[in-house]
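Given next are the chains, with one letter for each unit.
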Amino acid sequence: MRDQHKRDKPLRDKPWIFRTYAGHSTAAASNALYRKNLSKGQTGLSVAFDLPTQTGYDSDHPLAKGEVGKVGVPISHLGDMRMLFDGIPLGEMNTSMTINATAAWLLALYVALADEQGVARKSLQGTTQNDIIKEYLSRGTYVFPPAPSMRLTRDVILFTTKEMPKWNPMNVCSYHLQEAGATPVQELAFALATAIGVLDAVKASGECAPEEFGEVVGRISFFVNAGLRFVTEICKMRAFTELWDEITRERYGVTDAKQQLFRYGVQVNSLGLTEQQPENNVARILIEMLAVTLSKDARARAVQLPAWNEALGLPRPWDQQWSLRMQQILAYETDLLEYDDVFGGSPAIAAKVAELKAAAKDELAQIEKMGGTVAAVESGYLKQQLVESNSRRVEAIERGEQIVVGVNRFVETEASPLADAAGAVVTVPAEAETGQIERLKAWRAARDAKAVAAALEALRRAAKNGANIMPPSIACAKAGVTTGEWGFALRSTFGEYRAPTGVGTAMRNDAEGLDDIRAAVDRVSKKLGRRLKFLVGKPGLDGHSNGAEQIAARARDAGMDVVYDGIRLTAEAIVAAAVEKRAHVVGLSILSGSHMPLVQDVVARMKEAGLDSVPVVVGGIIPPQDASALKRAGVAQVYTPKDFELNRIMADLVRIVEGSADRAQ
């Protein structure tokens, strides 16, 4: 009977890879966190890099001030990479690296370390995100113009196809598109257009033999988002798999079923996590995870979940463990993995999938007509579409049409013993930056300067003559070149780029609830003698511009004269613009946790420039104690994610400017 029982027991599918997106402070601290998470049953690593690393700066560059180790781990050279993976055998690990503009460099460091460990390149498994298109649209960690950026992505794909056949050289990343407000149709179309653009570039290079191209297609992976509209998200994933099957077969002639697979990892939606009643985020995260795991025909290959308190700050190891345990309970305690697809044959699912596919194909045709995804980026079309769809989302929440529990409905609440507890989030100590800079200086002093110079010269030659960037980058890594040196060597060839902001100048006539605010703007503008001017600035390296864009667009619609020049501005540039444009109020948006040093720098420079009377307001993920400190430093008002009513913020701005004008008289 015991043997019969064994035979009758259903076979279980292998679970997806369990990941946690992590990294902060230093390589040593992140290594300790990774090893702890792996000991708890995590089966893959997902490395978060800090903003200087992502944008090609060393930790001691002026633009890196205040940003080192804040949203990820700083990696300035091969020594940092050694420390990050100390005691973690690369040949046995599946490593995902969220890196884009500098993906070729971080992969070069990883390969150099594997060579040191004696690990065959052919055995390395993992992913470099390497989707530069979405950086121009949502996340903002681009460096170079679109054409050379696409070339770097192409070079990584060609290199890994030959040398690292188990490596995914690119995650087409629709995750950040949804975070920027993309609808399901936009997420489908923009992501697939990016994949098409990259594959077309590889094919057009002539450097990939026809018999190898199927392998290139087969190694393209996707990194998607799953929001709370549960049925729609399931259907979106099924639409993704069907559309990708059609594209690979019809456009590229791929017929090998394995190469046609839509392989995707997922991080569920962080945009919907709330600062108010943050314990509700646990339910949100769980429901979103179900959308990418229940359907066997469209199940994620890897899942990483945010922590319940990420709208408050950097999560603790315990918070990450909670999210990891959610995955493990679903995979090991339920019977989910014992069944075929449970949605097959559902008319409702089939109809929604067909609807999404048809709309996505229409959008893909529009992008193709414009000349492809790069042209659609350069024209500003894709960015404008995201800003407009995000505006509609924000307005629906403000009006109460889109219910967010604890935010615009069911707001009565008990005090949270979790959120109110001391140490509810991790704070990166200031010593992390100073220590990183000291180690960087010691690294430079100890290396062979002639070998570094020769390696950088070879890198510049490759950039200019069109040779694959990976071999000279790996040579640079082994010679001791730093992230900033690699970045500036390529900047000298490719130049830098500022993407369109997506915020137009024309006031929207259909914006609701603005009549009283427009009247107040008109009244105060008369008092000022000219139109109320609002300068929106993003200092530092934080490229998450969604909030700044929505504030700028709403201020424009409220009748203000808005100045918004996009992301990654220095404090000097912001203050110079405030002087030149004669701003009446300056708004700073910072979501990287670097608000204290960056805001203090701007405020100090404004005083030096004689702008003491110009009020400064700040928005970001800012703990209450930091908000109090900023106000003591002279900031007029601080806004956090709980301040979702943009019209109220507009009314505040008018009141703040009028009060400042009255005091100046």
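The structure presented is a predicted model; accordingly, all values stated were derived computationally and were not measured.

**Overview of the overall build of the protein**
Here is step 1: What the protein contains, in helices and strands, is 27 helices and 15 strands.
Here is step 2: For 665 residues, the compact-globule estimate of 2.2 N^0.38 gives 26 Å, and the protein sits close to it at 25 Å.
Here is step 3: Its C-alpha atoms put the protein at 85 × 65 × 55 Å along the principal axes.
Here is step 4: Evaluated residue by residue, the protein yields a buried proportion of 59% over its 665 residues.
Here is step 5: Partitioning the contacts of the protein with sequence separation of at least 6, the portion at a separation of at least 24 is 80%.
Here is step 6: Accessible surface computed for the protein: about 26200 Å², of which carbon and sulfur atoms make up 54%.

**Considering a nonpolar patch on the surface**
Here is step 1: Residues Ile403, Val405 and Phe410 make up a contiguous nonpolar surface patch of about 260 Å² in total accessible area.
Here is step 2: Note on placement: Phe410 falls in the loop between helix H17 (381–399) and helix H18 (431–446).

**Quick notes on the packing of aromatic side chains**
Here is step 1: Tallied over the entire structure, the rule returns 18 aromatic pairs.
Here is step 2: On the numbers, 5.6 Å between centres and 80° between planes, the contact of Phe144 with Phe494 is edge-to-face. With a gap of 350 residues between them, Phe144 in the loop between helix H6 (133–139) and helix H7 (146–163) and Phe494 in helix H21 (residues 483–494) connect regions that are remote in the sequence.
Here is step 3: Residue Phe144 is classed as buried on the basis of its relative accessible area of 2%.
Here is step 4: Judged by relative accessible area, Phe494 falls into the buried class, the value being 15%.
Here is step 5: Pairing Tyr175 with Phe223 gives two aromatic rings, centres 5.7 Å apart and planes at 50°, and the pair type is tilted.

**Regarding the sheet that holds strand E12 (residues 561–564)**
Within a sheet, adjacent strands bond to each other through the backbone by hydrogen bonds, running parallel or antiparallel.
Here is step 1: Read across the sheet, five strands follow the order E12-E11-E13-E14-E15 without closing on themselves; strand pairing throughout is parallel. Both outer strands of the open sheet, E12 and strand E15 (637–639), are each paired with one neighbouring strand and no more. Between one strand axis and the next, the sheet turns through 20° on average, direction left out of account.

**Considerations on the packing of helix H9 (residues 184–205) against helix H15 (residues 347–369)**
Here is step 1: The interhelical angle for the contact between H9 and H15, taken along N-to-C directions, is 50°, at an axis separation of 8 Å. As summarised for this structure, H9 and H15 are arranged oblique, according to the angle between their axes. Once H9 is placed against H15, the crossing between them reads as right-handed. Each of Pro184, Val185, Leu188, Ala189, Phe190, Leu192, Ala193 and Ile196 in H9 lies in contact with H15, whose residues at this interface are Leu356, Ala359, Ala360, Glu363, Leu364 and Ile367.

**Observations concerning the pairing of strand E3 (residues 45–48)**
Here is step 1: Burial along E3 is two-sided: the face carrying Leu45 and Val47 and the face carrying Ser46 and Ala48 are both buried.
Here is step 2: Here two bridges tie strand E2 (residues 21–22) to E3, and the two strands are oriented parallel to one another. Residue pairing in the sheet places Ala22 in a bridge with Val47 of E3.
Here is step 3: One crossover worth recording links E2 to the parallel E3 by way of helix H2 (residues 27–39), and it is right-handed.

**Observations regarding helix H24 (residues 571–581)**
Here is step 1: Listed in full, the buried residues belonging to H24 are Ala571, Ile574, Val575, Ala577 and Ala578. Buried residues along H24 cover an arc of 155° about the axis, so they all sit on one side.
Here is step 2: The inward-facing, buried residues of H24 abut strand E11 (533–537), strand E13 (585–589) and helix H25 (595–608).

**Describing the environment of Glu355**
Here is step 1: Mapped onto the secondary structure, Glu355 falls in helix H15.
Here is step 2: As for Glu355 and Ser174, which are separated by 181 residues in sequence, their C-alpha atoms are 19 Å apart.

**Concerning unusual backbone geometry**
Here is step 1: Even without being glycine, Gln277 reaches a positive phi, approximately 40°.
Here is step 2: Checked against the element boundaries, Gln277 lands in the loop between strand E9 (264–267) and helix H13 (281–291).
Here is step 3: The phi dihedral of Arg568 is positive, around 55°, even though this residue is not glycine.
Here is step 4: One can find Arg568 in the loop between E12 and H24.

**Re the nonpolar core**
Here is step 1: In terms of nonpolar packing, the biggest core is built from 168 residues, with Met81, Phe85, Phe222 and Trp244 touching the most fellow members.
Here is step 2: Broken down by element, the residue count for this core peaks at 12 residues, all from helix H5 (residues 103–117).
Here is step 3: The residues contacting Phe222, other than those within four sequence positions of it, are Asn171, Val172, Ala191, Leu192, Ala195, Trp244, Phe262, Arg263, Tyr264 and Gly265.

**A word on the pairing of strand E4 (residues 94–98)**
Here is step 1: Among the five residues that make up E4, five are buried, leaving the element largely enclosed by the rest of the structure.
Here is step 2: In this sheet, E4 lies alongside E3 in parallel orientation, the contact comprising four bridges. Bridge pairing links Val47 to Met97 in E4.
Here is step 3: Bridging between E4 and strand E5 (residues 125–128) involves four bridges; their strand directions are parallel. Within the sheet, the bridge partner assigned to Met97 lies in E5 and is Thr128.
Here is step 4: The parallel pair E4 and E5, bridged by H5, forms a crossover whose chirality is right-handed.

Rules used throughout
- Residues numbered from 1 in each chain as written.
- Predicted model: local features only at pLDDT ≥ 70, side-chain atom pairs only at ≥ 80, totals over all residues.
- Heavy atoms only, no water.
- Helix = DSSP H or I, 4+ residues; strand = E, 2+ residues; numbered from the N terminus.
- Rg over C-alpha atoms; globule rule 2.2 N^0.38 Å.
- Buried < 20%, exposed > 50% of the residue type's maximum accessible area, 1.4 Å probe, protein only.
- Contact = heavy atoms within 4.5 Å.
- Areas by Shrake-Rupley, 256 points an atom, 1.4 Å probe, with all protein chains shown as cover.
- Patch = residues over 30% accessible without salt bridge, like charges linked within 9 Å, V, L, I, M, F, W, Y side chains within 5 Å.
- Salt bridge = Lys/Arg side-chain N within 4 Å of Asp/Glu carboxyl O.
- Phe/Tyr/Trp six-rings, centres within 6.5 Å; stacked < 30°, edge-to-face > 60°.
- Pairing = 2+ DSSP bridges.
- Axes fitted to C-alpha atoms, helices over the stretch in contact; angles between N-to-C directions.
- Parallel < 35°, antiparallel > 145°, perpendicular 65-115°, else oblique.
- Left-handed = near helix turned anticlockwise from the far one by under 90°.
- Right-handed = clockwise from strand over helix to strand, strands pointing away.
- Arc of directions from axis to C-beta.
- Core = buried A, V, L, I, M, F, W, Y, C linked by side-chain atoms within 4.5 Å.

This is a description of form; function is not addressed.
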